[in-house]
Amino acid sequence: MSPEAPSTPRSLAEALRARDDASLAALLRGRPDLITPVPSDLTQLATRAGTRASVLRALERLDRFALQTAQAMAVAPDPASYDTLLGLLAGDDGDAAVADALPRTVASLREQALVWGDDDRLRLVRTARELLAPSPQHPSPTGLGPTVREATSGMSPGRMQEIVATAGLRSTHDSVSAVTALTALFTDRAKMGELLDGAPEAAREVLSRLMWGPPYGQVTADPALHLRWLLDRGLLLPTTPGTVVLPREVALHLRGGRAHRAPEPLPPAVEPAATHSPRVVDATAAGQAFTALATVEELLKSWNQGGPAVLRAGGLSQRDLKRTAVALDLSEPVAAFWVELTYAAGLLASDGQADERYAPTPAYDTWLELPPAERWAHLAGIWLTATRTSGLIGGRDAKDRTLSALGPGLDRSAAPEVRHRVLTLLAGLPEGGAPSAEAVLARLSWERPLRGPQRDSTEDLRTRLARWTLTESEALGVTGRGALSGQGRALLGPADDGTDRADRADEAEGTEGPRSADGSRSADGPASPHDIRHGTNPAPLSPAEQATATSAAARLLAPLLPEPLDHVLLQADLTAVAPGPLRRPLADVLGVLADVESKGGATVYRFTPGSVRRALDAGQTAADLHAFLAEHSRTPVPQPLAYLIDDVARRHGHLRVGAASSYVRCDDDAVLNEILADKRAAALRLRRLAPTVLAAPCDPATLLEGLRGMGYAPAAESADGDVLIARADAHRTPPRTAPDPVPDGPPPPDATLLTAAIRAIRAGDLAATAPRKSTGTELAGGELPRTTQADTLATLQAAVLTGDTVWIGYVNAEGAASQRVVAPVRVEGGFVTAYDHTADEVRTYPLHRITGVAELAED
C-alpha cells in the first residue's frame, strides 16, 4: 500500500506518492527511461521525470491533441483549473468533441507525469512549461505571445500609467497594480468588446493579422495613427526598438478564448480507398512473396563466388550497386532494399579476407533448405524489426558523407515502430481494404506530430519511413494491392488486434489499468482514439510470440505458393522453357548448363557453347548432360542441342593451361601453330617452348579467358598434369550473426522488472520519508544519522527486545551511503541481522559500517 498522501499534492513527488502500484507501473511502462537505473525513492523518480531529456522524449511521443493540451497548459496560468484548460481548448462557444476528449487526455498526461495536481490546481511539469511556453526565440504552435505582465516587465511606471489612463482605467499607485488592472480589462469580454468597438478599422485589421500568430510585428519610430491607437491602449506592446507584440490576453479575446485555431481531439480516420476480394489480395501478395524469394536467391547466387569488394569506409560502392541492379533487372533503390534485407537477415556479410568482399553466409545454405513459405516468413519477420533503412542510401549523413548500401549510418531506431504502426493501421481495416497513402500519413502525423521547426528533419524522416513501408510491404508480399494480406496480418502477432499489449499484461496479472489517485478527473470506458499511447513503441514480441507469428504466417502462405516443377520443355532453337518454379537440384544444374534469357510466369533458358563448356568445367561429361536433359524434359532432346553438347565436349580439354607463369600444351602442334598465327593472341604474348608447348607471361586464368575468347575450349591442369575441375563450390563467409537492431531508447520493462522496481522505490521512499523522533539536533534532508558506536549498539539491542523499527545510515564496501529502515532481529559478533524494509528482505550489516541510528516516530 502506498503511504497516505495529503488531499492536495504540493509537488510531483507527492502526487506520485499518492498513486497506487498499477499507476506507477503504467508510468514506468510508458516512460521506460525513468527505470534505468531504478530510482532510489519517489522523490528521485519525480526529479528524473522532470529532467529535460526525459520530458523531451515524453513530449515527442504525445499525440496531437495531448500535445495541444500541454501547449494550452503552457500558456495558461500556473496552476490552472480544469475549466480554464477546457476554455482554452474549446473556446467561449464550447466544443463537444473537445469536452468529450479532454478528461481522458488530462488523465493520460497525469499518467505520464507531465501534469500533476487536482482539477482545481492543474500544473504542467516545469520543464515541459519551459519547453512549450512561447518566446521570441521559440514561438509556440499556439501562435500566442507573452502575457501583459511579461511584455511590460521593463516598461517605465510613467508609461504604464499613460496606457492605463488611455484605456479608460483609473490611475494606480504602482506598476504592479497597473498591470493587474490592464490584465483584468483584457480578460473581460464585455469591456474588451466596448474598447474594440471604438477602434479604427485599420487597427482591427492589424489585430486580425496578428491574432493567430506570429504575434510580433514591426513599427517605425513614427507609427501610423491606427498603430498609435493600439500602442496607447496597450493592445500592442513594445518589446525591442521597432518591434511590438500582441499580448496573450488580447489574442485570446480575439480568438474567442481558443489557444489553437483548430483543436484536433480525434485522429483522422483511415478509410479504405479501394476494396478488393481478400482472396485476390492474398493471391497477389503470394505472387510478390514468390518473386521476393527468387530475387534474394538470384542476388546471393550471383555473389556465390565472392561478390563486390567492401569499400574502405565500409559498404557497397555505387558502381557495384548499379551492376547488381542491372543483373537483377531492378531499379537501384529496389536492388538496395533487397541487398539490405539479406544483410539484415544474416544471409550476406563480408568475408573478412585481406581482399574483403561480400559473400553469402553459412546461414544462407540453411535458409535455402527451408520450405519457401518459411523462408519468406523469416525475411518478413526480419524486415518488420530491422532498423537498417535502405531508403537513405544515396543521401548524406551529418558529416556530408554519402550513405552507401551495406555501409554505416543506415540505422534508424524509429523504423520498426513506423512499420509496425502502418501495418497495424492496415489491419484495422476490413479485409481487402486498401487505404490511400495520404490517409495513413495523416493518421501517423496526428499520432506523432511535429513539436516545432527544430524537429522538421526527424518528422520528415518518419513520413518517408511510412512511405517506404507501404512500398516495401508490397514488394515483399506482406500486402497485396495496397491491402494487408492474411499472412501479413498473422505476422503482426496475436496481441496486435487493437488491444494494447500492456493492458493484456495487466489483465493477466489481475490488476486494473492506471487510474488517478489524487482526486483527479478521469473517464470510464474503453480507451478513446486519442489515448496517449498512440504513437508509442509497441511492446516487442517475445521470442515465443515471434516464433508463433512467423509460423502462422508461413502456414497461411504455403498453400498459395506454386508447387516447384521437376521438368522443362526443350525447344529446337536451343532454349528450354520452365513453365513454373523449378525444384532446386534441377534449377541449380540448369543454371550452370544454360543462361537465363527471360523471366516471368515462365523462365526461358538458352544453351550456348559457353554455357555448355561451363557445365563441363564443373565436372559434367557429355553423357551426363544428355542423360540429365532426357530425364527432365517433357519434350524430346532436339538434335541441335545434342550436337552442341557433343561438339563442345569433343574440343573440351584438347588444350591444357598451366603455370609458367602459364603455358599451353597440346598434342596437335597444328592447333598451336594456328593460335600463334591468330592476331587476337598478340595480347597474350605467347612463345613456343616445344613443338607441343606454348608459354605466356600472364597468369593461367587470364590465358584461359583469352583462349576462350578466341573460340577455343581449353582446360586448366594441375602441376601434376591432371585436369582441374572447376567445381561449383560456393564461397562462404565465416559464420556471421545478423546485425542487431538499434533500439529506440530503453526497452519497455517486463512485469517482473516492474514489480521489483516498484517494490524497491516504495521501500526507498519509506526509508526517506519515515518520521523520526526529535533529537534536538535535526538532520538536513538526505543527511545520514550520526551516533556513537555505544549509542548505536544500545539502540539496536533495545529494538531487538521491543521489536521496533529504526532508521540507520549505512556505508557499503564501495563507499556508497544510503538510508535504510530496518527491524533488528539479532545483534552479535559485530553484526546486526535485521529485516530491511528498503530491500524487503533479511540482511546482515557490519556494525562498523552503520553511521548512526535514529528511532522512528510512533505514528
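This one's a predicted model, so the numbers in the text were calculated from it and none came from an experiment.

### Describing the pattern of salt bridges
Where charged atoms from two side chains of opposite charge come close, those side chains can pair. Summed over all chains, the structure comprises 35 salt bridges. Of the charged contacts in the structure, one is a salt bridge between Arg159 and Asp232, with a shortest N-O distance of 3.7 Å. In this pair, Arg159 is assigned in helix 10 (residues 157-166) and Asp232 in helix 14 (residues 225-232), connecting sequence segments 73 residues apart. One salt bridge in this structure joins Glu447 and Arg443, with 3.0 Å as the shortest N-O distance. Of this pair, Glu447 and Arg443 are both found in helix 22 (residues 437-447), four residues apart, which corresponds to roughly one turn of the helix. With a relative accessible area of 1%, Glu447 lands in the buried category. Overall, Arg443 belongs to the buried group, its relative accessible area being 12%.

### Here we look at the sheet that holds strand 13 (residues 575-578)
Read across the open sheet, the four strands follow the order 12-13-15-14; overall the sheet is antiparallel. Either end of the sheet is taken by a strand with one partner, and the two such strands are strand 12 (569-570) and strand 14 (595-598). Of the strand pairs in this sheet, strand 14 and strand 15 (residues 603-606) are connected by three bridges, and their pairing is antiparallel. In the strand pairing of strand 15, Asp595 is matched with Arg606.

### A closer look at the confidence of the model for the chain
With 88% of its residues at a pLDDT of at least 70, the chain reaches an overall mean of 84. Of the regions scoring below 50 in pLDDT, residues 495-537 engages in 84 contacts with residues more than four places distant in sequence or in other chains.

### What about unusual backbone geometry?
In this structure, Pro79 follows Asp78 across a cis peptide bond, with omega equal to 0°. You can see Pro79 is positioned in the loop between helix 5 (64-75) and helix 6 (82-90). With omega at -5°, the peptide bond leading from Gly213 into Pro214 counts as cis. Even without being a glycine, Leu406 presents a positive backbone phi close to 65°. Inspection of the secondary structure assignment puts Leu406 in the loop between helix 20 (372-385) and helix 21 (415-427).

### Quick notes on the pairing of strand 18 (residues 687-690)
Sheet faces and side chains relate simply in a regular strand, where the side chains alternate between the two faces. Relative to strand 19 (residues 693-696), strand 18 runs antiparallel, the two sharing three bridges. Along strand 19, the bridge assignment pairs Ala690 with Val693. The turn joining strand 18 and strand 19, which pair antiparallel and follow one another in sequence, is formed by two residues.

### Comments concerning the packing of helix 20 against helix 21
Direction vectors running N to C along helix 20 and helix 21 enclose 115°, while the axes themselves pass 7 Å from each other. Classed by the angle they form, the pair helix 20 and helix 21 counts as roughly perpendicular. Of the residues in helix 21, those touching helix 20 at Trp383, Leu384 and Thr385 are Pro416, Arg419, His420 and Leu423. Along the lines of polarity and charge, the residues of the contact of helix 20 with helix 21 split into four nonpolar, two polar and one charged.

### Details of the environment of Gly580
Within the element layout of this structure, Gly580 appears in the loop between strand 13 and helix 27 (584-593). Linking Gly580 and Ala602, residues 22 residues apart in sequence, is a C-alpha distance of 5.4 Å.

### Focus on the nonpolar core
Nonpolar side chains in soluble globular proteins tend to end up buried together. Counting residues in each nonpolar core, the largest one holds 90 residues, and the members touching the most others are Leu235 and Leu236. Ignoring any residue separated from it by four or fewer positions in sequence, one finds Leu236 in contact with Val206, Leu210, Leu227, Leu230, Leu231, Val244, Val245, Leu246 and Pro247. Counting 67 residues, the second-largest nonpolar core is a separate cluster that includes Ala336, Phe337, Leu368 and Leu429.

### Focus: the side chain of Arg613
Tracing the backbone through its elements, the reader meets Arg613 in helix 28 (residues 609-617). Despite its burial, Arg613 remains without a salt bridge, the nearest opposite charge being carried by Asp617 at 4.3 Å. With residues up to four places along the chain from it excluded, the contact list for Arg613 reads Val648, His652, Arg708, Tyr712 and Ala713.

### Examining the packing of helix 20 against helix 26 (residues 543-557)
One can describe the packing of helix 20 onto helix 26 by two numbers: an axis separation of 8 Å at closest approach and a directional angle of 135°. Considering the angle they form, helix 20 stands oblique to helix 26. Classified by chirality, the crossing of helix 26 by helix 20 is right-handed. Of the residues in helix 26, those touching helix 20 at Ala373, Glu374, Trp376, Ala377 and Thr385 are Gln546, Thr550, Ala553, Ala554 and Leu557.

### Looking at the sheet that holds strand 23 (residues 831-836)
Taken in spatial order, the five strands of this open sheet run 24-23-22-21-25, and their pairing is antiparallel. Only two strands of the sheet have a single partner each, and these edge strands are strand 24 (841-846) and strand 25 (850-855). Neighbouring strand axes in the sheet, compared pairwise and without regard to direction, differ in orientation by 45° on average. Examined bridge by bridge, strand 22 (residues 817-828) and strand 23 share six bridges and lie antiparallel to one another. When the sheet's bridge partners are listed, Glu828 is paired in strand 23 with Phe831. This element, helix 34 (residues 789-802), spans strand 21 (806-811), strand 22, strand 23 and strand 25 of the sheet and lies at about 65° to strand 22.

Rules used throughout
- In this convention, every chain numbers its residues from 1, walking through the sequence in written order.
- Only residues with pLDDT of at least 70 are given local features in this predicted model, and only at 80 or more are side-chain atom pairs given and counted; all residues enter the totals for whole chains, interfaces and linings.
- Water and hydrogen atoms play no part in the side-chain values, which are based on all heavy atoms of the structure.
- Salt bridge, as applied in this entry: a Lys or Arg side-chain nitrogen positioned within 4 Å of an Asp or Glu carboxyl oxygen.
- Secondary structure elements follow DSSP: runs of H or I no shorter than four residues count as helices, runs of E no shorter than two count as strands, and numbering proceeds from the N terminus.
- With a 1.4 Å probe rolled over the protein chains alone, any residue whose accessible area is under 20% of its type maximum counts as buried; one over 50% counts as exposed, and the rest are partly exposed.
- Two strands are said to pair when DSSP picks up at least two bridges between them.
- The predictor attaches a confidence to each residue, called pLDDT, with possible values from 0 through 100.
- Whether two residues are in contact is decided by their heavy atoms: any pair within 4.5 Å suffices.
- Axis definition: a line fitted to C-alpha atoms, over the contacting stretch in the case of helices. Angles run 0 to 180 degrees between N-to-C directions.
- Reported orientations rely on four angle classes, namely roughly parallel under 35 degrees, roughly antiparallel over 145, roughly perpendicular from 65 to 115, and oblique for the rest.
- Each residue gets one label: Ala, Val, Leu, Ile, Met, Phe, Trp, Tyr, Cys and Pro are nonpolar, Asp, Glu, Lys and Arg are charged, and the others, such as Gly, are polar.
- In this description, a nonpolar core means a group of buried Ala, Val, Leu, Ile, Met, Phe, Trp, Tyr and Cys residues linked to one another through side-chain atoms lying within 4.5 Å.
- Neither His nor the chain termini are counted; the positive set is Lys and Arg, and the negative set is Asp and Glu.
- Should the near helix be turned anticlockwise from the far one by less than a right angle, the crossing is left-handed, and should it be turned clockwise, the crossing is right-handed.

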